[in-house]
Amino acid sequence: MVMDNTDFVIQKRRGMIVWVYSLKQLKTLKRYGLVHFVSRKMKYVVLYVNEEMADETEEKLRTLHFVRQVERSYRPDIEMNFADRIGTKAAYQVKDDDELDVVEANTEIRLAETV
């Protein structure tokens, strides 16, 4: 058994929600990317495509006769690091002229037996 020293490269991907009129053409959608989820009741497909091919794939999907609408996922565009904002006034988006006072209330927990 010979082991290859090939490197594994993670591809950046983009999720797309493809709304369809009919799910009969589901096999043709598999050509454009990885089908992650299919909703038979609401007739949409969650499709993952490579990030560099997302624009072309979206245009190709829009031209298909059974596709109603194509929506992109905005998750890769959103900053997901919230550690800097938690517990600070930046988390509340406070302007300089309006001060927001966050006060922790000291609450006592009493058991129902002692009341």
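Description of the structure in this document. The residue numbering used here restarts from 1 in each chain and proceeds along that chain's sequence as written. Local features in this predicted model are restricted to residues whose pLDDT is 70 or higher, and side-chain atom pairs enter the listing and the counts only when it is 80 or higher, whereas totals over whole chains, interfaces and linings include all residues. The side-chain numbers reported here are obtained from all heavy atoms of the structure, hydrogens and water having been left aside.

## Brief notes about the overall build of the chain
Phase 1: Of the regular secondary structure elements, the chain holds two helices and four strands.
Phase 2: Secondary structure is summarised from DSSP: a helix means a run of H or I of at least four residues, a strand means a run of E of at least two, and numbering begins at the N terminus for each. Helices and strands appear in the chain in the N-to-C order β-α-β-β-α-β.
Phase 3: Partly exposed residues are those whose accessible area sits between 20% and 50% of the maximum for their type, while under 20% is buried and over 50% is exposed, using a 1.4 Å probe and protein chains only. When burial is assessed residue by residue, the chain has 19% of its 115 residues classed as buried.
Phase 4: Expressed as a percentage of contacts within the chain between residues at least 6 apart in sequence, the contacts between residues at least 24 apart total 60%. Two residues form a contact once any of their heavy atoms are found within 4.5 Å.

## Details of the nonpolar core
Phase 1: Here, the term nonpolar core denotes a set of buried Ala, Val, Leu, Ile, Met, Phe, Trp, Tyr and Cys residues that are joined through side-chain atoms within 4.5 Å. Ranked by size, the top nonpolar core spans 15 residues in total, and within it Val18, Leu29 and Leu61 carry the most contacts.
Phase 2: Those elements that provide at least two residues to this core are strand 1 (13–20), helix 1 (26–29), strand 3 (44–50), helix 2 (54–63) and strand 4 (67–72).

## Quick look at the pairing of strand 1
Phase 1: When DSSP finds two or more bridges between a pair of strands, those strands are recorded as paired. Relative to strand 3, strand 1 is paired through seven bridges, and the arrangement is antiparallel. Pairing of Trp19 across the sheet is with Tyr44, part of strand 3.

## A closer look at the side chain of Glu58
Phase 1: By the element assignment, Glu58 lies in helix 2.
Phase 2: If we skip the residues at most four places from it in the chain, Glu58 touches Met16, Val70 and Arg72.

## Thoughts on the packing of aromatic side chains
Phase 1: Within 6.5 Å between ring centres, the rings of Phe, Tyr and Trp (the latter by its six-membered ring) count as paired, and their orientation is classed by plane angle as stacked under 30 degrees, edge-to-face over 60, tilted in between. For the structure on display, the rule yields two aromatic pairs.
Phase 2: Taking the centre distance of 5.1 Å and the plane angle of 45 degrees together, the rings of Trp19 and Tyr44 count as tilted. Residue Trp19 is found in strand 1, and its partner Tyr44 is found in strand 3; the two are separated by 25 residues along the sequence.
Phase 3: Judged by its relative accessible area of 18%, Tyr44 falls in the buried class.

## Observations regarding the environment of Gly15
Phase 1: As for its placement among the helices and strands, Gly15 is situated in strand 1.
Phase 2: Judged by its relative accessible area of 8%, Gly15 falls in the buried class.
Phase 3: Remark: the alpha-carbon pair of Gly15 and Val46, spanning 31 residues in sequence, is separated by 6.8 Å.
Phase 4: Beyond its immediate chain neighbours, meaning those up to four positions away, Gly15 contacts Leu47, Tyr48, Glu71, Arg72 and Ser73.

## What about the pattern of salt bridges?
Phase 1: Think of a salt bridge as a Lys or Arg side-chain nitrogen and an Asp or Glu carboxyl oxygen that are within 4 Å of each other. Overall, the coordinates contain five salt bridges when judged by the stated rule.
Phase 2: A salt bridge links Glu51 to Arg14; its shortest N-O distance comes to 3.1 Å. Here the residue Glu51 occupies a position in the loop between strand 3 and helix 2, and Arg14 occupies one in strand 1, the gap between them amounting to 37 residues.
Phase 3: Connected via shared salt-bridge partners are Asp55, Glu58, Arg62 and Arg72.

## Things to note about the sheet that holds strand 2 (residues 34–39)
Phase 1: Ordered in space as 2-3-1-4, the four strands form an open sheet in which the pairing is antiparallel. At either end of the open sheet lies a strand with only one pairing partner, and these are strand 2 and strand 4. Strand-to-strand, the axes of this sheet are offset by a mean angle of 25 degrees, without reference to chain direction.
Phase 2: Only the stretch in contact is used when fitting a helix axis, every axis being a line fitted to C-alpha atoms; angles between N-to-C directions are given from 0 to 180 degrees. Lying over the sheet, helix 2 contacts strand 1, strand 3 and strand 4, oriented at roughly 160 degrees with respect to strand 4.

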